[in-house]
Structures are given as C-alpha cells and as structure tokens.
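Inside the fold
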There are 2 protein chains.
Amino acid sequence: MKLTFSPASPFARKVRIAAIELGLIDKIEFVPTTVVPGQANEDYSKITPMKKLPVLILDNGDVILDSYVIVEYLDELAGGGKLIPLSGPERWKVKSDHSLLQGMLDSMLLCRYEKMLRPQGLQWQVWSDDHWKRAWSGMARFNDKPDVLARPLDIVQIALTCVLGYADFRFADCGWRNAYPNLDAFHERMLGRPSVKVSLPPKA
Amino acid sequence: MKLTFSPASPFARKVRIAAIELGLIDKIEFVPTTVVPGQANEDYSKITPMKKLPVLILDNGDVILDSYVIVEYLDELAGGGKLIPLSGPERWKVKSDHSLLQGMLDSMLLCRYEKMLRPQGLQWQVWSDDHWKRAWSGMARFNDKPDVLARPLDIVQIALTCVLGYADFRFADCGWRNAYPNLDAFHERMLGRPSVKVSLPPKA
C-alpha cells in the first residue's frame, strides 16, 4: 500500500500514528506529496479530485479516502476494534467525537489558509475568528472529558493529539496549554508513545 | 430522535433522504436551525462546537455527527447493510466514494461562502476556482462510473443526488447537465423517488 504524505499534514499524521500503533507501518510506503490550495497539482488531482492528503492506494489500485476511512480500513486489517469500537453506544460516541475533531482540524486549516495563503488585503477577520472559535471551543469540550483522555488508546485520542500538535505547529502562541491543563497533561502522556513522538510536525 | 435541519443544507438533505428510504423518518423530529459562518449561534454551539448542520440528538442526549455518521447510525438501526455495505471491497469503495462526494460538497459551500457571504473586495478568485474545480472534476469522475449510477440505492447515490441538487440550487448556471449527460439521466431517475423529490432545496 502507498500513502500520500506530508509531515506537515495533521490528517496524514493521524494515519501514520494509527498505522504504527496497529503494527502495519511496515506495509505502507510513504509517498511525499505537496498540495496547496490555489496551486494546481494535476497528477495528484487524477488520483483524488479533492487534492487533499492523505489517500491510501491499495496494491490493486483502489484509492481509499479520507483519513478517517483509511484508519477504519487499517483497523479492520489489524483484526478490527483496535482503535474504533465495533459495536454499541461507545462506537457512536467515538465516531462523533472523531467527527468533531476532524471539523476542528478543518477549521484550523481554514484559519491557516486565511492568514498565510490568502493575499493580504483580502483577509476577512470575521471568517478566521469564527473558525478559530470552533477549534478553541472544541478543545474546551475535550478538556472536560477526563474519561476520554484517560482510557486506552483509540482514534479519538490520536486525532486529539494531532489537533494539539497542529496548534503547536501553526498557532504556537494560542496558549492552549494554559487554557486547557487537562489537555496539556494528556498531550505530555501521549508524547511518551514513539508513534506520537516520531510523527511530530517539523519546526514551523 | 431530533435532527437539526435546514431545507437549504445538502448535508441535512442527505440524512433526510436516507431516513425516508430506511423507513425511519417517522422516528425523527426535525428541528429548524440556522447557521451562517461569521454569525454567532451560541445555543447551537453548545450542542456542537462545529456549528454545522445536521446533528442527530438521541433521546438520551447523545449527539451524533457528522451527516455520514448519522446515516451509518440510521442504517444500523434499520438492520444494517441497507445503504452502506457491511463488508468486503465494496464497503471501502462506497466509503471512499462518499468521502469524495462529501469533499465536493464542502468545496461547493466554500465557493458559495466566498462569493455570497464574504464582503465584496475581499474575495479571492484563485480560492473559488480551485474549490470549484474539485467539485467539477469530482462530477466528471462519477459521470464515468455507469455501474455506480445504475446499481441499487446506496449512500453514494444519495450523496451524489445532493451534490447535483445543490449545484442546481446555488450554481444554477454551471451547466452540469450538458457537461455530464450520464449524471443528468441519473438525476432524472432519482427524481422518481419520493424521498428525493420531497427534499429538493427551496427556490434560490
């Protein structure tokens, strides 16, 4: 299998951590890929018209997206139920928490694009404020869920780690550690995992 | 169960069509909800920090998001495997096709916000062109998949119907029917379903 990848992508990081934790990392070839909104990448658009990272390309050519579906696929390959519960109310709580985290990352990327990619003079503060507020209040939600932060590793904890790592990477002054001490302690614990440490984003 | 809803939301429409087709529509109370990027909705943000439509609120208070996870939940309630295959390669193809359609809708909404919500003078054509191209080339992908268009109803066909309905609603002059005749024929067939017809977006 091949995974399109950039060390700066929090979505690709999520898949990388999951693959390591599931014992599947050696089966995946990482294909460095660059995507920037507003810049063409015709070759990659043929693989996925969404032009987003990551996708998983199976040996038969099938393309799996998005990052969550890839983790589901890898989880099944590893036997099932490792990072996502297979049934019961917990399954829907984990999936919904993950949807929230996915939305938080989407909003953080929209903030990043608004401030760093869009030409100066065309920026709309109302837009970035709204999206930052979504991410920030989402963090508050997880700061108040000690059970989620303390339980055995799952996709929610992995995605939350990627949210916090992306905050450090692109919004280094946002102050999430002071605002959310439970998330700070959680993140420190997660850094004890080789999968989390090896996949830290590069220096901004 | 309660579903936060707007007749203009293609994501809410997807859940509505699925609920009708699964025979679950009478178990769901629709809660009219208005969300606009850049405008606060404090009550709704307490339910979901993402402030997006729809979410499903269970009788025990649990909140399920996003629209895809809600359809998965309803599919399981209805016995499982009705709109999303339960196993095998088809499961991952359907999930990946749905991820693509979800991304197409996300991009179409970003185009809409760029052109209609963002103040004039702050609009960046490069951004809307890039996102429109993703949606447009995604349509080409499905236009070239006659097997997907002709098979029994599933979540991919429902989501594709919502993409095309949203194109009619917000991008009436885009010309998708001329460009993609297979999608035109597919959409006409889908309109034969009461679930699709009753959920058409309002006049723009």
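Calculation notes
- Residues numbered from 1 in each chain as written.
- Chains lettered and ligands numbered in written order.
- Predicted model: local features only at pLDDT ≥ 70, side-chain atom pairs only at ≥ 80, totals over all residues.
- Heavy atoms only, no water.
- Pairing = 2+ DSSP bridges.
- Helix = DSSP H or I, 4+ residues; strand = E, 2+ residues; numbered from the N terminus.
- Right-handed = clockwise from strand over helix to strand, strands pointing away.
- Contact = heavy atoms within 4.5 Å.
- Buried area = accessible area lost by both parts, 1.4 Å probe.
- Salt bridge = Lys/Arg side-chain N within 4 Å of Asp/Glu carboxyl O.
- Polar contact = N/O pair within 3.5 Å; in protein donor to acceptor, adjacent residues only side chain to side chain.
- Nonpolar A, V, L, I, M, F, W, Y, C, P; charged D, E, K, R; others polar.
- Axes fitted to C-alpha atoms, helices over the stretch in contact; angles between N-to-C directions.
- Parallel < 35°, antiparallel > 145°, perpendicular 65-115°, else oblique.
- Least-squares fit on C-alpha atoms with pLDDT ≥ 70 in both.
- Buried < 20%, exposed > 50% of the residue type's maximum accessible area, 1.4 Å probe, protein only.

1. Observations regarding the pairing of strand β2 (residues 29-32) of chain B
Residues and elements named next belong to chain B.
- In this sheet, β2 lies alongside strand β1 (residues 2-5) in parallel orientation, the contact comprising four bridges. Its bridge partner lying in β2, threonine 4 is registered against valine 31.
- On the question of chirality, the crossover connecting β1 to the parallel β2 by way of helix α1 (residues 10-21) is right-handed.

2. Section: the interface of chain B and chain A
- Contacts between the two partners involve 50 residues from chain B, matched on the other side by 50 residues from chain A.
- Carbon and sulfur atoms make up 58% of the area that chain B and chain A hide from each other, which totals about 4,100 Å².
- Among the residues chain B hides against chain A, the three largest losses belong to Met50, Trp92 and Arg134 of chain B. Together they make up 17% of the total.
- Where chain B touches chain A, the interface holds eight salt bridges.
- The residue arginine 118 of chain A makes a salt bridge to glutamate 114 of chain B at a minimum N-O spacing of 2.8 Å.
- Applying the counting rule to chain B against chain A returns 24 residue pairs in polar contact (both at pLDDT 80 or more).
- For the side of chain B that touches chain A, the secondary-structure elements that each account for two or more residues are α2 (42-47), β4 (63-64), α3 (67-77), α4 (89-117) and α5 (125-143) of chain B.
- Among the residues making up the side of chain B that touches chain A, the classes are represented as 21 nonpolar, 12 polar and 17 charged.

3. Remarks on the packing of helix α7 (residues 155-170) of chain A against helix α9 (residues 181-190) of chain A
All names here are of chain A.
- The contact between α7 and α9 brings their axes to 10 Å, and the two run at 105°. As judged from the angle between their axes, α7 and α9 are roughly perpendicular. Contacts between α7 and α9 involve Gln157, Leu160, Thr161, Leu164, Gly165 and Asp168 on the former and, on the latter, Leu183, Phe186, His187 and Met190.

4. Re the sheet that holds strand β3 (residues 56-57) of chain A
- Strand order in the open sheet formed by four strands is β2-β1-β3-β4 (chain A), and the pairing between neighbours is mixed. Each having just a single partner strand, β2 (29-32) and β4 (63-64) of chain A make up the two edges of the open sheet.

5. Notes on the relation of the copies chain B and chain A
- The two copies are related by a screw operation: chain B maps onto chain A through 180° of rotation and 0.0 Å of translation along the axis, at an RMSD of 0.0 Å. The two molecules are tied by a two-fold rotation axis, judged by turn and shift. Minimal C-alpha distance to the rotation axis in chain B is attained by leucine 122 of chain B, lying at 2.0 Å.
- A symmetric contact is evident, with 100% of the interface residues of chain B recurring at the interface of chain A.

6. Quick notes on the pattern of salt bridges
- Summed over the entire model, instances satisfying the criterion amount to 26 salt bridges over all chains.
- Of the charged contacts, one joins aspartate 130 of chain A and arginine 134 of chain A as a salt bridge, the two residues approaching to 2.9 Å between their closest N and O atoms. Highlighted residues: aspartate 130 of chain A and arginine 134 of chain A, both in helix α5 (residues 125-143), separated by four residues, approximately one helical turn. As far as the burial class goes, aspartate 130 of chain A and arginine 134 of chain A line up, both buried.
- Lysine 133 of chain A serves as the salt-bridge partner of glutamate 42 of chain B, at 2.8 Å between the closest nitrogen and oxygen. One end of the pair, glutamate 42 of chain B, is in helix α2; the other, lysine 133 of chain A, is in helix α5, on a second chain.
- The structure contains a network of salt bridges with shared partners spanning Glu72 and Lys95 of chain A together with Glu72 and Lys95 of chain B.

7. Points about the packing of α5 of chain B against helix α9 (residues 181-190) of chain B
Residue and element names in this part refer to chain B.
- Taken N-terminus to C-terminus, the directions of α5 and α9 make an angle of 75°; their axes are 8 Å apart at the nearest point. One element, α5, and the other, α9, form an angle in the roughly perpendicular class. Contacts from Met139, Phe142 and Asn143 of α5 reach α9 at Pro181, Asn182 and Leu183.
- When the residues that make up the contact of α5 with α9 are grouped by side-chain class, the tally is four nonpolar, two polar and no charged.

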